[in-house]
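Chain residues, written in single-letter form:
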Amino acid sequence: MDWCTFCDRDGFRRDSVVFAENDFALFGNLEDGGPLSGSGVIVPKAHRETVFDLSADEFAATFALLRVVQPLLVERYNPDGFNVGWNCYGAGGQDVPHAHLHVLLRFGDEPRSGYGIRWWLRQPENTRPDPEAPGTGRRDFDVVAHRRGV
């Protein structure tokens, strides 16, 4: 396992403004002045690539920790809302291959207030190419796979 920013528990603890942990997970955030300042992540203590790799205990501990940190974030930042979510694999936007649950602060005076985590995914420019269109190769593969009983 190569070095992983979320596996550096001492650094995670040291650098976090709001920090909490339980037996299986850690929460930390940063105040860097950027658009996500104050937002944070919950990560399993064990290196797990995505949420799909978490044990039942790690999954339960993640959500137990979410309940602990939400009032701490409300007290410190007084957000008007939250986005909470996972990015999995490169196509899903995951940059660090260590599972992490984003806990994002949202404020009513943001330019994109009211835009949920799926807003940009529903935009017409995000429509996938037609897999049936000539030249995509997808239809040819599906026909061959279907004929082989795959």
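Everything that follows concerns the structure shown earlier in this document.
Residues numbered from 1 in each chain as written. Predicted model: local features only at pLDDT ≥ 70, side-chain atom pairs only at ≥ 80, totals over all residues. Heavy atoms only, no water.

A few points about the pairing of strand S3 (residues 40-44)
And step 1. Burial analysis of S3 places five of its five residues in the buried class, which makes it a mostly covered element.
And step 2. Burial along S3 is two-sided: the face carrying Gly40, Ile42 and Pro44 and the face carrying Val41 and Val43 are both buried.
And step 3. By the bridge criterion, five bridges tie strand S2 (residues 25-29) to S3 in an arrangement that is antiparallel. Within S3, the residue paired with Leu26 across the bridge is Val43.
And step 4. Where S3 lies against strand S5 (residues 101-106), three bridges are found, and the strand directions are antiparallel. Each residue of the ladder has a partner; that of Val41, found in S5, is His102. (Buried < 20%, exposed > 50% of the residue type's maximum accessible area, 1.4 Å probe, protein only. Helix = DSSP H or I, 4+ residues; strand = E, 2+ residues; numbered from the N terminus. Pairing = 2+ DSSP bridges.)

Observations concerning the sheet that holds strand S4 (residues 81-86)
And step 1. Spatially, S1-S2-S3-S5-S4 is the arrangement adopted by the five strands of the open sheet, whose pairing is antiparallel. Bordering the open sheet on either side are strand S1 (19-21) and S4, each of which pairs with just one other strand. Shown here is a sheet whose adjacent strand axes are inclined to one another by a mean of 15°, direction ignored.
And step 2. Summarising the sheet, S4 and S5 pair through six bridges and their orientation is antiparallel. If you follow Asn83 over to S5, its bridge partner there is Leu104. (Axes fitted to C-alpha atoms, helices over the stretch in contact; angles between N-to-C directions.)

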